[in-house]
Amino acid sequence: MKIICIGRNYAEHAKELNNEIPTEPVIFLKPQTALLAEGRPVYYPEFTDDLQYECEVVVKICKNGKYTQEKFAPKYYNEISLGIDFTARDLQNKLKQKGLPWEIAKGFDNSAAVGRFLPITADMDIGNLDFELRLNGLQVQHSNTKNMIFNVNRIIEYASRFFSFNIGDLIFTGTPAGVGAVNAYDKLEGYLEGEKLLDVDIR
Ligand code: MG
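Criteria and cut-off values
Residues numbered from 1 in each chain as written. Predicted model: local features only at pLDDT ≥ 70, side-chain atom pairs only at ≥ 80, totals over all residues. Heavy atoms only, no water. 1 Å grid on protein atoms, 1.4 Å probe; cavity = no way out; pocket = protein on both sides within 12 Å on 5 of 7 lines; lining within 4 Å. Points joined across faces, edges and corners; volume = space filled by probe spheres on them. Helix = DSSP H or I, 4+ residues; strand = E, 2+ residues; numbered from the N terminus. Nonpolar A, V, L, I, M, F, W, Y, C, P; charged D, E, K, R; others polar. Buried < 20%, exposed > 50% of the residue type's maximum accessible area, 1.4 Å probe, protein only. Pairing = 2+ DSSP bridges. Donors = N, O, S within 2.8 Å, 3.2 Å for Na, K, Ca; no water. Arc of directions from axis to C-beta. Contact = heavy atoms within 4.5 Å.

Digging into empty space enclosed by the protein
If a probe as big as a water molecule is rolled over the atoms, it shows which places are left empty.
Inference 1: The final tally for this structure, using the stated rule, is one cavity of 30 Å³ or more.
Inference 2: Its boundaries defined by the atoms lining it, the largest cavity holds a volume of some 120 Å³.
Inference 3: If you trace the largest cavity, you find 17 residues lining it, with Gly 7, His 13, Glu 54, Gln 92 and Lys 106 closest to the centre.
Inference 4: Among the elements that make up the lining of the largest cavity, the one with the highest residue count is helix H2 (residues 89-98) (three residues).
Inference 5: Residues of the lining of the largest cavity, tallied by class, amount to four nonpolar, six polar and seven charged.

Laid out in structure tokens, this is it:
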């Protein structure tokens, strides 16, 4: 499986990192080894001094596809959760300045935490879901999927031009404003429509 991630998909977050608002989805990948097993802590990596959280809505692919049109995209995912796109921001900033790829800053082991998945039901409007992240009990990120610049279906249409989708692939749909640093012994909790789906400890 692979993890397809979208960058700069919320205008307020693009601004907070001094990035332009994209006209097409910004895509990067994390390898399978980035996936943090559920219930496991994240150990602060030795190669960074600025490990940051990015809380994101995550969907799971349930059907193989390539060149999937936006209107058919809803058939290709059937579960939703919240995840953390852990980022070594100091490394990423260095690489960005040089115009180099981000992978070591974004795709390192255990950099993709994912919570409990919920089935996407007929009465769920995935274009209007509230979500929030709490750091040590205090809200640090709060947004709604309606604020995405590119919605899930647009993302699938665009990304599937380049990458075939396989059953079990995950899409991290981008983070809203409020990203920040974590430290050892912090606790991150993610809520989707008020329901707690994600719980990650930093060690
Ligand atoms: Mg992200």
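Describing the pairing of strand S14 (residues 187-192)
Inference 1: By the criterion of burial, S14 is predominantly enclosed, with five of the six residues buried.
Inference 2: Looking at chain direction, strand S10 (residues 130-135) and S14 are connected through five bridges and run antiparallel. Opposite Leu 135, over in S14, you have Leu 188 as the bridge partner.
Inference 3: One ladder, built from six bridges, connects S14 with strand S15 (residues 195-201); its direction is antiparallel. Bridge assignment links Leu 188 to a residue of S15, and that residue is Val 200.
Inference 4: What sits between the antiparallel neighbours S14 and S15 is a turn of two residues, in which Glu 193 has the positive phi angle 50°.

Things to note about the coordination of the magnesium ion
Inference 1: Each protein donor to the magnesium ion is listed here as Glu 54 (OE), Glu 56 (OE) and Asp 85 (OD); together their distances run 2.0 to 2.1 Å.
Inference 2: Motif for the magnesium ion, donor spacing along one chain: E-x1-E-x28-D. For the pair Glu 54 and Glu 56, one class covers both residues: buried.

What to know about the sheet that holds strand S7 (residues 87-88)
Inference 1: Taken in spatial order, the three strands line up as S7-S4-S13 in an open sheet, and their pairing is antiparallel. The open sheet has two free edges, formed respectively by S7 and strand S13 (180-181), since each of these has just one partner strand.
Inference 2: Pairing analysis gives two bridges linking strand S4 (residues 51-53) to S7, with the strands arranged antiparallel. Along S7, the bridge assignment pairs Leu 51 with Ala 88.

Structural notes on H2
In an α-helix, one turn spans 3.6 residues, which is why side chains three or four residues apart end up on the same side.
Inference 1: The complete set of buried residues in H2 reads Arg 89, Leu 91, Gln 92 and Leu 95. Buried residues along H2 cover an arc of 155° about the axis, so they all sit on one side. Along H2, exposed side chains directed more than 90 degrees from the buried face belong to Lys 94, Gln 97 and Lys 98.
Inference 2: Buried-residue contacts for H2 involve S4, S7 and helix H3 (103-106).
Inference 3: Immediately beyond the C-terminal end of H2, within one or two residues, lies Gly 99, with a positive phi of roughly 70°.

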